Amino acid sequence: MLFLSSLIPAVVIAVIVIWLLSQAFFVVKQQHAVIIERLGKFNRIVFAGFNIMIPFIDRRAATISLRTMKNGFNVDVKTEDNVTIDLEISAQYRVDGRRGANAAESGVYKSFYTLQNPAEQMRDFLTDALRSAIPVYTLDEVFAKKDDIARDVNETVASQMEGYGFQLVSTLITKIGLPREVEDSMNQINAAQRTKAAAQDLAEADRIKRVTEAKAEAEAMEESGKGIANQRKAIAQGIKDSLGTIQESGVSETEANALFMFTQWTEMMSDFARNGKGSTVVLPSDFRESASMFEQMIAAKKGGEGSDAR
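Residue numbering note: each chain is counted from 1, following its sequence as written. Under the rules for a predicted model, residues below a pLDDT of 70 receive no local features and side-chain atom pairs below 80 are neither given nor counted, while totals for whole chains, interfaces and linings still include all residues. Hydrogens are left out, water is left out, and the side-chain values use all remaining heavy atoms of the structure.

Draft legend 1. Broad picture of the pattern of salt bridges. A side-chain nitrogen of Lys or Arg and a carboxyl oxygen of Asp or Glu constitute a salt bridge if their distance falls within 4 Å. Taken as a whole and judged by the stated rule, the model has ten salt bridges. Residue R44 is joined to D58 by a salt bridge in which the shortest nitrogen-to-oxygen separation is 3.9 Å. Here D58 lies in strand β3 (residues 58-65) and R44 lies in strand β2 (residues 41-52), a separation of 14 residues in the sequence. Residue R44 is classed as partly exposed on the basis of its relative accessible area of 23%. Numbered from the N terminus, helices here are DSSP runs of H or I no shorter than four residues, and strands are runs of E no shorter than two. For each residue, the accessible area found with a 1.4 Å probe, counting protein chains only, is set against the maximum for its type, and the residue is called buried under 20%, exposed over 50%, and partly exposed in between.

Right, dumping it as structure tokens:
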């Protein structure tokens, strides 16, 4: 009993010592800072690693994360052309981990002791800056310059939040919401523009097709004309050579022309008999009148030459 009575106080003392040591020694995680207060008053800021404080006198007032955080919210604004739009904003921020010349100037100190709700305060700053910036832009300009607008707003609010110990890393306009009637109107305008562009493209394609066909037809006619000219030239040369051969045989020019015309007439009649659609061919009743046909042809030829001379 005596042993147990002496052992109990020792155990109690050991437990108290262990508890005091657990309160005196602590570890701060990476990318975190701990604010230590002594008797209710700020004492110091400790960062990642092993640290010591005095139990009952010192206490850990707050653990501050130095990692980048996100604050997302929506804000409705009006453009220069009186269109109310809904902007979806995403802001990335963090506590300024720089220690400064003294503890009171550090971002950790300011972030804990100067603002009760820093996220809400930053949201108010961003909303006010956006409602001041957007009204100078039309709806189309907001879509075209949203990144520039967000960057300007971020620079404005970043300087304000710096006084509270926060760094505003970036501000993004992730979505622009339009009223249903405005969205429908824009879709109709875009559809009309696309239809107009398609009609212009089709008209241009049709014009190119017509021009190409016309050029091809002109080239074909030109080649056909050259072929006909060469054919006629060959025929004329053949007639000339034939007349020359006939004249060399002692036949007079008049008789040669008459013979040639008769030959042409008989060839024509033969071709007509083979290919003509008519079923009746009128011929002289007396083939002995062929000579008179020659005379008629010659007379007609001379008459034509006389008319040309007049």
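There's more to say after this.
Draft legend 2. Unusual backbone geometry, seen in detail. A positive phi angle, near 55 degrees, is found at L39, a position not held by glycine. Structurally, L39 is set in the loop between β1 (25-38) and β2. The class of L39 is exposed, set by a relative accessible area of 69%. Despite not being glycine, F56 shows a phi value in the positive range, around 70 degrees. Within the fold, F56 resides in the loop between β2 and β3.

Draft legend 3. Main features of the sheet that holds β2. Spatial ordering of the open sheet is given by β2-β1-β3, a layout of three strands whose pairing is antiparallel. Across the chains shown, the open sheet's two edge strands, defined by having one partner strand only, are β2 and β3. For this sheet, the mean angle separating the axes of adjacent strands, direction not counted, is 35 degrees. When DSSP finds at least two bridges between two strands, those strands are taken to pair. Pairing analysis gives ten bridges linking β1 to β2, with the strands arranged antiparallel. Within β2, the position partnered with E37 by the bridge is F42. Angular values range over 0 to 180 degrees, each being the angle between N-to-C directions of two axes fitted as lines to C-alpha atoms, with helices fitted over their stretch in contact.

Draft legend 4. The arrangement of a nonpolar patch on the surface in detail. Residues I13, V17, L21, F25, V27, F50 and I52 make up a contiguous nonpolar surface patch of roughly 670 Å² in combined accessible area. Put simply, the parts of the chain that give the nonpolar patch at least two residues each are α1 (2-24), β1 and β2. Take the nonpolar patch: its biggest share by element is three residues, from α1. Relative to the elements of secondary structure, F50 occurs in strand β2. For patches, a residue must show more than 30% relative accessible area and have no salt bridge; joins then use 9 Å for like charges and 5 Å for nonpolar side chains, namely Val, Leu, Ile, Met, Phe, Trp and Tyr. Computed with the Shrake-Rupley method and a 1.4 Å probe, the accessible areas treat only the protein chains shown as cover for residues.

Draft legend 5. Structural context of the side chain of N154. Within the secondary structure, N154 sits in helix α5 (residues 146-162). N154 sits in the buried class, given a relative accessible area of 11%. Beyond its immediate sequence surroundings of up to four residues, N154 is in contact with L168, V169, S170 and T171. Two residues form a contact once any of their heavy atoms are found within 4.5 Å.

Draft legend 6. Representation of the packing of helix α3 (residues 118-133) against α5. The N-to-C vectors of α3 and α5 enclose an angle of 135 degrees; their axes lie 9 Å apart at closest approach. Put simply, α3 runs oblique to α5. The way α3 lies across α5 gives a crossing that is right-handed. On α5, the residues that touch P118, M122, F125, L126, A129, L130 and A133 of α3 are I149, V153, V157, Q160 and M161. Here the residues of the contact of α3 with α5 are counted per class, giving eleven nonpolar, one polar and no charged. Note on angle classes: values under 35 degrees are labelled roughly parallel, values over 145 roughly antiparallel, values of 65 to 115 roughly perpendicular, and the remainder oblique. Take the far helix as your reference; a near helix turned counterclockwise from it by less than a right angle gives a left-handed crossing, and one turned clockwise gives a right-handed crossing. Asp, Glu, Lys and Arg are counted as charged, while Ala, Val, Leu, Ile, Met, Phe, Trp, Tyr, Cys and Pro are counted as nonpolar; the rest, among them Gly, fall into the polar class.

Draft legend 7. Quick peek at the environment of T156. Relative to the elements of secondary structure, T156 occurs in helix α5. It is 8.7 Å that separates the C-alpha atoms of T156 and L126, two residues lying 30 residues apart in sequence.

Draft legend 8. Up close: the sheet that holds strand β6 (residues 166-177). As summarised here, the arrangement of the three strands in space is β4-β5-β6, forming an open sheet in which the pairing is antiparallel. Whereas interior strands pair on both sides, the edge strands pair on one side only; in this sheet they are β4 (69-78) and β6. Strand-to-strand twist across the sheet, computed as the mean angle between neighbouring axes with direction ignored, equals 25 degrees.

Draft legend 9. A look at the packing of aromatic side chains. A pair of Phe, Tyr and Trp rings is counted when the ring centres sit within 6.5 Å of each other, with Trp represented by its six-membered ring. The angle between the planes then sorts it: under 30 degrees is stacked, over 60 is edge-to-face, the rest tilted. What the rule picks out here adds up to seven aromatic pairs. Residues F42 and Y109 carry aromatic rings whose centres are separated by 4.9 Å and whose planes lie at 80 degrees to one another, so their mutual orientation is edge-to-face. Of this pair, F42 sits in strand β2 while Y109 sits in helix α2 (residues 107-113); the two residues are 67 residues apart in sequence, bridging distant segments of the chain. By relative accessible area, F42 is classed as partly exposed at 23%. Here the aromatic residues F42, Y109, F112 and Y113 are joined through ring pairs into a cluster of three or more. R60 extends its terminal NZ or CZ atom over the ring of F26, reaching a point 4.9 Å from the ring centre. Either the NZ atom of lysine or the CZ atom of arginine qualifies as a charge over a ring when it sits within 6 Å of the ring centre and within 35 degrees of the ring normal.

Draft legend 10. How the structure looks around the side chain of T171. The residue T171 is located in strand β6 in this model. Take T171: its relative accessible area is 7%, and that puts it in the buried class. For this analysis, a polar contact is any N or O atom pair within 3.5 Å, provided that within protein one partner can donate a hydrogen and the other can accept it, and provided that sequence-adjacent residues contribute only side-chain to side-chain pairs. Only 2.8 Å separates the side chain of T171 from the side chain of N154, close enough to count as a polar contact. The contacts of T171, once residues within four sequence positions are left out, are I89, S90, A91, L126, A150 and N154.

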